[in-house]
Amino acid sequence: MSASAIVALPLLGAILPPLFARAGRTPALLAALAPSVVALLLLWGQAASVFSGVPEEVRVPWVPALGLEWALRIDGLGFFFASLILAIGILIFIYSRGYLAGNEPIGTFYAYLLLFQGAMLGVVLADNLLLLPVFWELTSLSSFLLIGFWCHLPDGRRGARLALAITGAGGLALLAGLILLGEVAGTYRLSELAARQELILASPLAPAILTLILLGAFTKSAQFPFHFWLPHAMAAPTPVSAYLHSATMVKAGLYLLARVWPVFGQTDAWVVWVTGIGAATMLLGATIALFKDDLKALLAYSTVSHLGLVTMLLGLGTPTAVFAAMLHVLMHATFKAALFMNTGIVDHETGLRDLRRLSGLAKVMPLTAGLGTLAALSMAGVPPLNGFVSKEAMLVEVLAARWGGGWPLWGLVGLAAILSAAYAFRYFSALFFGPLRLPEGRIPHDPPALLWGPPLVLVVAVVVLGLWPSLAEPLLAAASAAAVGAHAPWPELALWHGFGAPLVVSAVAFVIGAAMVWHYRALSGRVLAWALPFDGRRAFFSAQEWLVRGAHRLIARVHSGVLGRYVLLLAVVSLAALALGWGMGEGWRPQRAPTPMNGLGLIFAGVGLAAIGLVVRWHHKRLRAVLLTGAVGLVVSLAFLHASAPDLALTQISVEAVTTVLLLLMLFFLPQHDTEPVAKPRGAAAASILIGSVVGLLAWVMMRNDGPNLADYFWSRSVSEGGGSNVVNVILVDFRGYDTFGEITVLGIAALVIYALLQGMQEGVAREHLHAWRFPFALSPTRHPLPFAVTARVMLPFLLMAVFYIFFRGHNAPGGGFIAALLLALAFLIQYMASGLSWTMHRMRLDAHVWIGTGLLVAGATGMAAMGLGAPFLRSAHGEVHIPGIGPVPLASAMGFDLGVLLTVFGAVTLALVQLAHLGQLAGFLPSRTPMDPARPKPSEKEG
Amino acid sequence: MEILFAVLIAALTAAGIYLCCLRQVFPVVLGLSLLSYATNLFLFVAGRLTVGAPPVWAEGVTRFADPLPQALVLTAIVIAFGMTALLVVLAIRARFESGVERSDVPAVTDRVEVER
């Protein structure tokens, strides 16, 4: 379990620093440190099992059908990388506390760093081919947030976008590659891949898999030609550059190469491409680094070069080269992170990082100069520092490699060694030595311990690992063994290997490198003149601009703002899909005998068609159109009734009544006629007729055809499992209860949105327009005729009784919560129409919000009750209850659910209508002067 | 009877789409109401037509209408009401905010500068 905890701690702990940041910057730091330190201790608690070769594994099925599981595995390789991620992370956290200015949101910064840390740990510990890319993308996302942390700077935003686009695209390629790999190998477990190497390599997909995985690794680890995002990512705050872009994230690609090494590592394609790309990147990065004056840019290109070096080592195809690669990953992480922190100190103290404007800083900041010089010497590979150890190991491996192991590669590596020595020498000699040059008005000095402490720790590691490299041997041996899948005789680590070719190369590199720095001016002028013209960045931004402009052009065309076009476009696309489906079908002939026609049906259909025609004809005469639409609704409910759907008929007819009231209320606020000239779009008319005909034809074909259905399933189980004989109602409240729950929730939300929309009209422009609104018709002085009011009040108890009846019989006969709710709403609406809004609302007592909330709670509680009894959500129970005097009454727990439906639907309907009616009062709709309660007049009561 | 249902669905669909293509909001509200009738009827007839056999269980009954489309349509009718109410309120709000009652908005023409 500790594997899960190691990954989860930073991810979940990310919430802590922003909370603790309220208490100050140091509490935020402690809150960030806590999860990392605990995770590191847990990780090191696994050391014994890692070194004994029995890694801890966690496997929790996630989506077994896809092969996705939450699988983590702490083997030597994962342990090595996870240790780096956590240990350097802790140093970075401490350093950041000193680096960020007092007014910067340090809590957020730590949260991003922790998210990144957790994602990175997930990458190196995941043992599932689908889980790994999830974490992989998370590192890209958190890196985006961190590079763009100074989002007020255009460079930050640009660099963040660039990094996200390149690494994100690479991540997609990787995902594709890993899915193919899993499918070919027949397993999604990383740890099982090595055993299936033959199967994978025999597959015709193997080249594609390798290409896609390499794309993922090369983009992440900034290999040529994708290297250009890394220097731009330097717009990030320096702790981020030190952590993500030198020590950890860019090593994810190397980690991945090491992970798939047992499968592909010795194939020809691998050796050619990985070695080739790695060597090219190494040389390119080193060349550019030498001619950069910005300290961070110099370090960035140097990082590109060192990543190329490790890639090249992984490409050589020998287990000992993998060991050398791991060695250099460790050494590079220590000295490069120290150098970045060093640059950060210079930047922090002088406000500059330009080598042309700074020099001789050793005079004012000796400690910084000492640390920077040591780390830079290690980067140059000078003994007795750790960079020397890994460089020697690298040279030995290159010399021994089977491919290109002769002079070509040897020459390249030698050239790169010269260039590395040169830029490393230049870093410290130009910055710390020579005459003192400073920006005006600043007197820098050594920073507080928070800033020099973490690099000091790293520089101590640089020296110790240089003097006694064998200290790191067990860790590296475990990592290499896990990477290559076997224990090989690992090279012995020592500072002194005796005289040999590697030492000669080193010595030559130092001499030529020093000479190059000595004659830097002459050299730089000549080289910069023909410096590499290719800049991936320019190509990238051109492509981006082209895409964005293209998208705008497309949007302007498609997203025209004309509703009619959207409707037609939608219809045309549906028809095309339909035609496609029809073409793929097997043809059709009627299977079912037609249902006999009857005269009444013909008459009502005629009425319906006439009403539809008249709605279209008179849509601009609005009152008429509303009433005609109601007539259409009545015909539809009759159609339901005729076709054996009494529940639908009841629902439709009551919804129809409510909708008509709604549309009439709407007419209060709209002109009575169309205000724009009535356009008659002929094209739209023709298209509508065509689409309508196709849909009608489709309906007819469907009705005359047989097909599989679930009718028997529900019919046979309705009573035995649902405890009710009205199958429709049982489906609603029992079989599909979860759906219904969702639907009433939607309805409740819609009502709340309506409330919010109308409440918003009480201010701003809308309020002015509302006050200036004149009702489009004269108001009758006797709006609430007394006979109507009296009749309505007499009817109320009877209506309520009907509501109860409809509700309670609903489980066994047509009725139920939906219909009862609509009837209840109608009973309420009748009172409103008869006696006015205020009168009715005054007697409602309960707010419509309360109805909605209570209804959802009741429905939810019924479902939860089932869970409480150990059954799934909404599982219904039923039985008979004997009530004295009445006899056995069948009861089902689903009735509680139906009650929730009733309350919610009633609340939603009344909330919508009441709010709309209330708007009339805001608009100055004068109350009727007829007293509604003659017996108890209340002059203060306003009627509306 | 099938042909009557088909014709009704065809007419409702055609009228609904036509009204939705108009420039003012009010006909669009009507059009969507008609379209929702059409959709509900279409969904309903997916259970085929059965006359005189409502899906209420009783001992020995073997002929009954398919209850599943009915259950689907029942909630759809109520949701359609919620949608209509929301649309009505949106139309009113838009009308009082903008002062005009139109279903279309001017096309987006302003160019967005691309940051390089």
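The structure displayed is predicted, hence computed values, not measured ones.

Points about the overall build of chain B
Looking only at helices and strands, chain B has three helices and zero strands in total. Put simply, chain B runs from its N terminus to its C terminus through helices and strands in the order α-α-α. Split into buried and exposed, the 116 residues of chain B put 61% on the buried side. In chain B, the proportion of contacts linking residues at least 24 apart, taken out of those at least 6 apart, comes to 55%.

Observations concerning the overall build of chain A
For chain A, the count of helices and strands is 38 helices and four strands. For chain A, buried positions account for 50% of its 944 residues. Contacts in chain A between residues at least 24 apart in sequence constitute 79% of all its contacts with a sequence separation of at least 6.

A look at the pairing of strand E1 (residues 56-63) of chain A
Residue and element names in this part refer to chain A. The pairing of E1 with strand E2 (residues 68-74) spans seven bridges and is antiparallel. Looking at the pairing, Glu56 lines up with Ile74 of E2. Counting the residues that bridge the hairpin from E1 to E2 gives four residues, and of these Gly67 lies at a positive phi of roughly 85°.

Structural notes on the UniProt feature "transmembrane region" (unreviewed entry) in chain B
Residues and elements named next belong to chain B. Feature annotation in UniProt assigns "transmembrane region" (unreviewed entry) to the following positions: residues 6-22, 29-51 and 71-92. The distance from the first to the last C-alpha atom of residues 6-22 is 25 Å, and the span holds 88% helix and 0% strand. Between the C-alpha atoms that bound residues 71-92 the distance is 32 Å, and the span itself is 100% helix and 0% strand.

Here we look at helix H7 (residues 131-147) of chain A
Here H7 of chain A spans 25 Å end to end across 17 residues, near enough to the 24 Å set by a 1.5 Å rise per residue. Taken across its 17 residues, H7 of chain A has 13 buried, putting it largely inside the fold.

Some details on the environment of Val260 of chain A
Considering the arrangement of structural elements, one finds Val260 of chain A in helix H13 (residues 252-264). Linking Val260 of chain A and Leu193 of chain A, residues 67 residues apart in sequence, is a C-alpha distance of 8.2 Å.

Structural notes on the packing of helix H26 (residues 599-617) of chain A against helix H1 (residues 2-20) of chain B
Between two packed helices, the angle of one axis relative to the other and the distance separating the axes together describe the packing. Put simply, H26 of chain A and H1 of chain B touch, their axes get as near as 10 Å, and they point 10° apart. By the criterion of interaxial angle, the relationship of H26 of chain A to H1 of chain B is roughly parallel. The residues of H1 of chain B that touch H26 of chain A, namely those facing Gly601, Leu602, Ala605, Gly608, Leu609, Ile612, Val615 and Val616 of chain A, are Leu4, Val7, Leu8, Ala11, Leu12, Ala15, Tyr18 and Leu19 of chain B. Of the residues contributing to the contact of H26 of chain A with H1 of chain B, the split by class is 14 nonpolar, two polar and no charged.

Some words on the packing of helix H30 (residues 711-722) of chain A against helix H31 (residues 727-735) of chain A
Residue and element names in this part refer to chain A. Following both chains from N to C, one finds H30 and H31 inclined at 65°, their axes separated by 10 Å at the closest point. In the crossing of H30 with H31, the sense of the turn from one axis to the other is left-handed. Where H30 abuts H31, its residues Phe714, Trp715, Ser718 and Gly722 lie against Val727, Val730, Ile731, Asp734 and Phe735. Counted by class, the contact of H30 with H31 contains six nonpolar, two polar and one charged residues.

As for helix H25 (residues 563-584) of chain A
The terminal C-alpha atoms of H25 of chain A lie 32 Å apart, and with 22 residues this matches the ideal 32 Å at 1.5 Å per residue to within 8%. Gly564, Val567, Leu568 and Ala571 of chain A are the residues of H25 of chain A that are buried. Each buried residue of H25 of chain A lies within a common arc of 90° when the element is viewed along its axis, so the set occupies one face. Those residues of H25 of chain A that are exposed and aimed more than 90 degrees away from the buried face are Leu569, Val573, Ala576, Ala577, Leu580, Gly581 and Met584 of chain A. In this structure, the buried residues of H25 of chain A make contact with helix H29 (682-703) of chain A together with H1 of chain B.

Section: unusual backbone geometry
Residues and elements named next belong to chain A. Geometrically, the link from Phe224 to Pro225 is a cis peptide bond, its omega value of 5° lying close to zero. Tracing the backbone shows Pro225 in the loop between helix H10 (206-220) and helix H11 (229-232). In this structure, Pro384 follows Pro383 across a cis peptide bond, with omega equal to 0°. Locating Pro384 in the fold gives a position in the loop between helix H17 (366-380) and helix H18 (386-400). In this model, Ser644 sits at a positive phi of 65°, which is unusual for a non-glycine residue.

Digging into the interface of chain B and chain A
By a frequent convention, interface size equals the accessible area lost on bringing the separate parts together. At the interface, 86 residues of chain B touch 109 residues of chain A. Counting residues per element, the ones that place at least two in the side of chain B that touches chain A are H1, helix H2 (25-45) and helix H3 (67-98) of chain B. In terms of residue count, the dominant contributor to the side of chain B that touches chain A is H3 of chain B (23 residues). The residue inventory of the side of chain B that touches chain A, partitioned by class, reads 61 nonpolar, 13 polar and 12 charged.

A look at the environment of Leu903 of chain A
Residue and element names in this part refer to chain A. In this structure, Leu903 sits in helix H38 (residues 894-922). Owing to 25 C-beta atoms within 10 Å, Leu903 belongs among the buried residues under this scheme. Once the C-alpha coordinates of Leu903 and Phe818 are considered, the two residues, 85 residues apart in sequence, prove to be 9.2 Å apart. Look past the residues within four positions of Leu903 in its chain and what remains in contact with it is Trp851, Thr854, Gly855 and Val858.

Details of the environment of Gly370 of chain A
Relative to the elements of secondary structure, Gly370 of chain A occurs in helix H17. Taking the C-alpha atoms as reference points, Gly370 of chain A and Asn342 of chain A, 28 residues apart in sequence, are found 10.0 Å from one another.

Considerations on the confidence of the model for chain B
Caution applies to low-pLDDT parts of the model: their predicted coordinates are not meant to be read in detail. All names here are of chain B. Per-residue confidence for chain B averages 87 on the pLDDT scale, and 90% of its residues sit at or above 70. When mean pLDDT is taken per element in chain B, H1 scores highest with 94 and H3 scores lowest with 91. Scored by ipTM, the complex comes to 0.94, with pTM at 0.69.

Rules and cut-offs
Residues numbered from 1 in each chain as written. Chains lettered and ligands numbered in written order. Predicted model: local features only at pLDDT ≥ 70, side-chain atom pairs only at ≥ 80, totals over all residues. Helix = DSSP H or I, 4+ residues; strand = E, 2+ residues; numbered from the N terminus. Buried ≥ 20, exposed ≤ 12 C-beta atoms within 10 Å, placed from the backbone. Contact = placed C-beta atoms within 7 Å. Pairing = 2+ DSSP bridges. UniProt positions renumbered as here; feature names shortened; annotations may be inferred. Expected span 1.5 Å × (residues − 1). Axes fitted to C-alpha atoms, helices over the stretch in contact; angles between N-to-C directions. Parallel < 35°, antiparallel > 145°, perpendicular 65-115°, else oblique. Nonpolar A, V, L, I, M, F, W, Y, C, P; charged D, E, K, R; others polar. Left-handed = near helix turned anticlockwise from the far one by under 90°. Arc of directions from axis to C-beta. pLDDT = per-residue confidence, 0-100.

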